[in-house]
Amino acid sequence: MRFPPEGPLNDVVVVDLTTMLAGPFATMVLADLGADVIKVEPPHGDFIREQGPFAPDDELHAFGGYFQSVNRNKRGVVLDLTTEAGRTSLLELVAHADVVVENFRHGVMDRLGLSYERLREANPHLVYAAIRGFGDERTGSSPMRDWPAYDITVQALSGLMEITGEPDRPPIKTGPGLGDTVPALFAVIGVLSAVHRARRDGVGSFVDVSMYDAMLAMCERTVYQHSYTGDVPTRQGNSHPLLCPFDVVPAADGWVSIAAPGNNHWQQLCVVIGRPELATDKRTLDNVSRLANRDFTMSAVTEWTTTRTKNQIMEALGGKVPVAPVNTVEDIYTDPHVHARNMLVEVDHPGVPRPLTIANTPIKFADAPPTQLRRAPLLGEHTDEVLAQFENTTAVYQLEETR
């Protein structure tokens, strides 16, 4: 039986060999879209199973919130790929799959005797996706090819950290792990394109996404700035090098973001803050002028915002000018938009007597019901079921009685 049964990708089978965040986030997106994602773990499990956070009343500790969030909607299988039996079982799965995704360091799968070329022999139509720090030599060998990498590694290399933070302060990484999730999304795009090609032309593909490459692509603005002007962009807080006003400004009780670089929004902002003359002042007439006179422009805005609460600012500007309070997660939990869009969902958690909340998928379809998320699998929870489904392959690892 397919799992989950709904979604536009419910005829796609994905063998998921990934760990940590980048790979599991990619296969999570595919699972949320209905693909039958089979998460294959070693006997000791994915490293992030043990990393929490754990609910205070969770006595089982089968996995924490980190694992739950990015491994929902998947089936769990345990295979020991260092054994011949484990490799044989994997090849049986691959023979019936559409996609394999892995994010091991370069050469790991080759050393296991499970290279792309070997898996392609088992399934000529296979789409094989690799997410690594510095790519795979099949698409272009990097001098850093064998180096390990984490989110913070590629945020630093790509220049993202150089342009994030306040002037004259140390570089700052972004709060969420964009160095993992952005490459994951690029990988999903590559996988879907390759699956389309495989079904149209009968040709499999090797899809390679370097985390460094993906982050550089996301920082495209710095590349053209340097080419066009010779500038070396650096940290400038929350302002924008090309747009004004476009910043986070103080309110009486916190912070709000205001973006009005277009003349229409600027003119409306001028009226609301009681400075209609700024709409025709040559210092603030258009975005180029406002950018050249940023301090004057922003002082006019902040003189108004600092005497008002976030709610007062939202009531005055909401729906007229792009404006938003800087939310905490507690604010997000009470935001009417978030609830209207069903972006917080409750899922069961083994060992906890109540459901817990995770972020939902933002991908929605007008002609389909909302995605129903299923909890992440216990370690090896579906091993027997999956291996029996795929040619009755014998399970190579028995779960402990305590699980």
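What you see is a predicted model; the values in this text were computed from it and never measured. (Residues numbered from 1 in each chain as written. Predicted model: local features only at pLDDT ≥ 70, side-chain atom pairs only at ≥ 80, totals over all residues. Heavy atoms only, no water.)

Attention shifts here to the pairing of strand 4 (residues 99-102). Burial of strand 4 is two-sided: the residues Val99 and Val101 facing one way and the residues Val100 and Glu102 facing the other way are all buried. Strand direction decides the pairing type here: strand 1 (residues 13-16) and strand 4, joined by three bridges, are parallel. Within the sheet, the bridge partner assigned to Val15 lies in strand 4 and is Val100. (Buried < 20%, exposed > 50% of the residue type's maximum accessible area, 1.4 Å probe, protein only. Helix = DSSP H or I, 4+ residues; strand = E, 2+ residues; numbered from the N terminus. Pairing = 2+ DSSP bridges.)

There is a patch of nonpolar side chains on the surface, built from Tyr224, Tyr228 and Leu242 and spanning about 350 Å² of accessible area. With respect to the secondary-structure elements, Leu242 resides in the loop between helix 9 (220-229) and strand 7 (246-251). (Patch = residues over 30% accessible without salt bridge, like charges linked within 9 Å, V, L, I, M, F, W, Y side chains within 5 Å. Areas by Shrake-Rupley, 256 points an atom, 1.4 Å probe, with all protein chains shown as cover. Salt bridge = Lys/Arg side-chain N within 4 Å of Asp/Glu carboxyl O.)

Centre-to-centre distance and the angle between the planes together describe a pair of aromatic rings. Enumeration according to the criterion identifies seven aromatic pairs in this entry. Measuring from ring centre to ring centre gives 5.4 Å for Phe63 and Phe67, while their planes differ by 35 degrees; the resulting arrangement is tilted. For Phe63, a relative accessible area of 0% translates into the label buried. Here Tyr116 and Tyr128 contribute two aromatic rings whose centre-to-centre distance is 5.6 Å and whose plane-to-plane angle is 70 degrees, an arrangement assigned as edge-to-face. (Phe/Tyr/Trp six-rings, centres within 6.5 Å; stacked < 30°, edge-to-face > 60°.)

One pass over the structure, following the stated rule, counts 23 salt bridges. With its nearest N and O atoms 2.7 Å apart, the salt bridge here joins Arg49 to Glu41. A relative accessible area of 1% places Glu41 in the buried class. We note a salt bridge from Asp281 to Arg283, for which the minimum N-O separation is 2.9 Å. Accessibility expressed as a relative area gives 17% for Asp281, which makes it buried. One continuous salt-bridge network, built from bridges that share partners, spans Glu102, Asp110, Glu117, Arg132, Asp136 and Arg138.

A word on the nonpolar core. Among the nonpolar cores identified, the biggest contains 41 residues, and Val14, Phe25, Leu30, Ala35, Val99 and Val127 are the most heavily contacted of them. Those elements that provide at least two residues to this core are helix 1 (22-32), helix 2 (65-70), strand 4, strand 5 (127-132), helix 7 (178-201), strand 6 (205-210) and helix 8 (211-218). Broken down by element, the residue count for this core peaks at eight residues, all from helix 7. (Core = buried A, V, L, I, M, F, W, Y, C linked by side-chain atoms within 4.5 Å.)

All right, on to the sheet that holds strand 9 (residues 323-325) then. The three strands lie next to each other as 7-8-9, forming an open sheet whose pairing is antiparallel. Here the strands that pair on one side only, and so sit at the sheet edges, are strand 7 and strand 9. Taken over all neighbouring pairs, the strand axes of this sheet differ in orientation by 25 degrees on average, direction set aside. Both strand 7 and strand 8 (residues 254-259) contribute to a ladder of six bridges, which runs antiparallel. Its bridge partner being in strand 8, Ala251 is matched across the sheet by Gly254. Of the strands in this sheet, strand 7 and strand 8 touch helix 12 (residues 294-305), which is tilted by about 35 degrees from strand 7. In the packing of helix 13 (residues 310-317) onto the sheet, the strands contacted are strand 7, strand 8 and strand 9, and the crossing angle to strand 9 comes to about 160 degrees. (Axes fitted to C-alpha atoms, helices over the stretch in contact; angles between N-to-C directions. Contact = heavy atoms within 4.5 Å.)

We now examine the environment of Lys364. You can see Lys364 is positioned in the loop between strand 11 (356-359) and helix 16 (383-389). Classification of Lys364 as partly exposed rests on a relative accessible area of 36%. At a separation of 3.1 Å, a polar atom in the side chain of Lys364 contacts the main-chain carbonyl oxygen of Arg341. A polar side-chain atom of Lys364 sits 3.4 Å from the main-chain carbonyl oxygen of Thr361. (Polar contact = N/O pair within 3.5 Å; in protein donor to acceptor, adjacent residues only side chain to side chain.)

Time to look at the confidence of the model for the protein chain. Mean pLDDT over the protein chain: 94, with 96% of residues reaching 70 or higher. Counted against residues more than four places away or in other chains, residues 393-403, with its pLDDT under 50, gives 22 contacts. (pLDDT = per-residue confidence, 0-100.)

Contact pair helix 7 / helix 8: the axes reach a minimum separation of 8 Å and the direction vectors enclose 90 degrees. With respect to each other, helix 7 and helix 8 are oriented roughly perpendicular. Together, Leu178, Gly179, Asp180, Val182, Pro183 and Phe186 of helix 7 and Met211, Ala214, Met215, Ala217 and Met218 of helix 8 make up the contact between the two elements. Its residues placed into classes, the contact of helix 7 with helix 8 shows nine nonpolar, one polar and one charged. (Parallel < 35°, antiparallel > 145°, perpendicular 65-115°, else oblique. Nonpolar A, V, L, I, M, F, W, Y, C, P; charged D, E, K, R; others polar.)

Moving on: the sheet that holds strand 3 (residues 74-78). Strand order in the open sheet formed by six strands is 3-2-1-4-5-6, and the pairing between neighbours is parallel. One side of each edge strand has no neighbouring strand; the edge strands of this open sheet are strand 3 and strand 6. Each adjacent strand pair in this sheet contributes to an overall mean axis angle of 20 degrees, direction not counted. Helix-sheet contacts for helix 8 involve strand 5 and strand 6, and the interaxial angle to strand 6 is about 65 degrees.

Most of helix 1 is tucked away, with eleven of its eleven residues classed as buried. For helix 1, the full list of buried residues reads Ala22, Gly23, Pro24, Phe25, Ala26, Thr27, Met28, Val29, Leu30, Ala31 and Asp32. Backbone geometry just downstream of helix 1 places Gly34 in the positive-phi region, at approximately 105 degrees.

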